[in-house]
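Here are the chains, one letter per residue:
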Amino acid sequence: MNAVAASMTVEDPEVFLAMEDLDLVGRGLADAVWHGQHQSLQRGPGVEFHSHRPYQPGDDLRRVNWSLLARQRRLYVRESRAESRRPVYLVLDSSASMSIQHGPSSKHQYGKRALAGAAHLARRQGDAPALHLTHGTSLPPRNSKDHVSGICAALGGSTAEGAGDMAEALREMRTFCRQRGFILFISDFLDQEEATVAELAAFRAQGHDVFALQVLDPMEVSLPEGGDYDFIEPETGGHLRTAAEPIRTAYARRVAEWRAGLSQLAGTHDIRWYSTTTEQSLVATLRGWLG
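What counts, and at which threshold
Residues numbered from 1 in each chain as written. Predicted model: local features only at pLDDT ≥ 70, side-chain atom pairs only at ≥ 80, totals over all residues. Heavy atoms only, no water. Salt bridge = Lys/Arg side-chain N within 4 Å of Asp/Glu carboxyl O. Helix = DSSP H or I, 4+ residues; strand = E, 2+ residues; numbered from the N terminus. Buried < 20%, exposed > 50% of the residue type's maximum accessible area, 1.4 Å probe, protein only. Contact = heavy atoms within 4.5 Å. Pairing = 2+ DSSP bridges. Axes fitted to C-alpha atoms, helices over the stretch in contact; angles between N-to-C directions. Patch = residues over 30% accessible without salt bridge, like charges linked within 9 Å, V, L, I, M, F, W, Y side chains within 5 Å. Areas by Shrake-Rupley, 256 points an atom, 1.4 Å probe, with all protein chains shown as cover. Arc of directions from axis to C-beta. Phe/Tyr/Trp six-rings, centres within 6.5 Å; stacked < 30°, edge-to-face > 60°. Lys NZ or Arg CZ within 6 Å of the ring centre and 35° of its normal. Parallel < 35°, antiparallel > 145°, perpendicular 65-115°, else oblique. Left-handed = near helix turned anticlockwise from the far one by under 90°. Nonpolar A, V, L, I, M, F, W, Y, C, P; charged D, E, K, R; others polar. Core = buried A, V, L, I, M, F, W, Y, C linked by side-chain atoms within 4.5 Å.

(A) Expanded view of the pattern of salt bridges. Tallying each qualifying case throughout the model produces nine salt bridges. One salt-bridge network, held together by shared partners, links Arg86, Arg204, Asp209 and Asp270.

What follows is the structure, encoded as structure tokens:
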């Protein structure tokens, strides 16, 4: 695994997109993201002072209370109360719009791999990953290697199909996310985006830390330079035939304004927002989103 992970770099995003084993993808992504960057989603264990105990050979000298030594002529070390393990709720939009693919992968495939990496990162940091797919699959928060492998297997077997009401799906998650933790939500935010952000804001108001990742297809961000195209709405079947060239510049401007507006809206609710396309390296995306 070390040799494989070593070859997976930010410059080689296609490696993670080509691999079918999401457990291996998740471990490789976690290795690449973790390398040289030990920031955590939580504040970290042992940040709250708890008590002193007598020094024992092998204890870290940085924990010795030298003031007590001066007063009592005995060595004591500080002990801290570790923070309790927090759940990390991984949530993926599995509606049909996520199946669109004009780049190296579909939005759904990209999101599945990003959450596989996040599951492994959460376990390494001592947190308990959980999974909720908007089409029914839910795995409760646990911290074990087998559980993370189960999350990756469930992600690997999921498909993007049918219409999706993300705002309603998030409302139905309230009972699943009973314990305060981290909400990591991936969607294209192409429908009812303001209502969806409002539901994420409700989780934030309840004390969860909320991370939202918008994944878009390259052609949803920038139209081709020329040609006639049929634009099909995957969830309703509606379509529009038009030439790309006359509307390309205006389309790109409107999409940029829309993405900026969503970012600003998320920021007003203290939601960690990141928007990407399936052409961007998964490692760069995870670092930008969770770093």
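Having seen the model, we can carry on.
(B) Here's a closer look at the side chain of Thr277. Residue position: Thr277 is located in strand S10 (residues 272-277). Its relative accessible area of 14% is what places Thr277 among the buried residues. Residues within four places of Thr277 in sequence aside, it is in contact with Tyr110, Leu216, Val221 and Arg259.

(C) Structural detail: the sheet that holds strand S6 (residues 182-187). Within the open sheet, the six strands sit side by side as S5-S4-S3-S6-S7-S10. Their pairing is mixed. At either margin of the open sheet sits one strand with a lone partner, and together these are strand S5 (138-139) and S10. Contacts from helix H10 (residues 248-268) reach strand S7 (209-216) and S10, with the element oriented near 160° to S10. Those strands touched by helix H11 (residues 282-290) are S6, S7 and S10, and its axis lies near 165° from that of S10.

(D) Local environment of a nonpolar patch on the surface. Side chains of Leu61, Trp66 and Leu75 sit close together on the surface and give an oily, nonpolar patch of about 310 Å² of accessible area. With respect to the helices and strands, Leu75 occurs in the loop between helix H4 (66-72) and strand S2 (76-81).

(E) Spotlight on the pairing of S6. For S6, the tally of buried residues reaches six of six residues, placing the bulk of the element in the interior. Burial along S6 is two-sided: Phe182, Leu184 and Ile186 and Ile183, Phe185 and Ser187, pointing in opposite directions, are all buried. Relative to S6, strand S3 (residues 87-92) runs parallel, the two sharing five bridges. Along S6, the bridge assignment pairs Val88 with Phe182. Looking at chain direction, S6 and S7 are connected through six bridges and run parallel.

(F) Region of interest: H11. By the burial criterion, the buried members of H11 are Leu282, Val283, Thr285, Leu286, Trp289 and Leu290. Buried residues of H11, seen end-on, are gathered within an arc of 160° and therefore sit on one face of the element.

(G) Expanded view of unusual backbone geometry. Phi at Gln192 takes a positive value of approximately 50°, unusual for a residue other than glycine. Since its relative accessible area comes to 37%, Gln192 is described here as partly exposed. Residue Asp270 is not a glycine yet carries a positive backbone phi of 60°. Tracing the chain through its elements places Asp270 in the loop between H10 and S10.

(H) The packing of aromatic side chains, seen in detail. Using the criterion set out here, one finds four aromatic pairs in the structure. Between Tyr89 and Phe176, the aromatic rings sit 5.7 Å apart at their centres with planes inclined by 65°, giving edge-to-face as the arrangement. Linking Tyr89 in strand S3 with Phe176 in the loop between helix H7 (166-172) and S6, this pair joins segments that are 87 residues apart in sequence. Judged by its relative accessible area of 1%, Tyr89 falls in the buried class. An aromatic cluster of at least three residues, connected via ring pairs, comprises Phe185, Phe189 and Trp273. Between the NZ or CZ atom of Arg174 and the centre of the ring of Phe203, over which it lies, the distance is 5.3 Å.

(I) View of the packing of helix H3 (residues 22-34) against H11. Running from amino to carboxyl end, H3 crosses H11 at an angle of 60°, the nearest separation of the two axes being 10 Å. Classified by the angle between their axes, H3 and H11 sit oblique to one another. Along this stretch, H3 crosses H11, giving a crossing that reads as right-handed. Facing H3, whose interface residues are Leu29, Ala32 and Val33, H11 presents Leu282, Val283, Leu286 and Arg287. Here the contact of H3 with H11 is composed, by residue class, of six nonpolar, no polar and one charged.

(J) Quick look at the nonpolar core. Counting 39 residues, the largest nonpolar core has Leu90, Leu155, Leu184, Ile186, Trp289 and Leu290 as its most contacted members. In this structure Leu155 touches Leu22, Leu92, Lys112, Leu115, Ala116, Leu131 and Leu133, once residues within four positions along its chain are discounted. Grouped together as the second largest cluster of nonpolar side chains are 21 residues, Leu170, Met173, Phe203 and Trp273 included.

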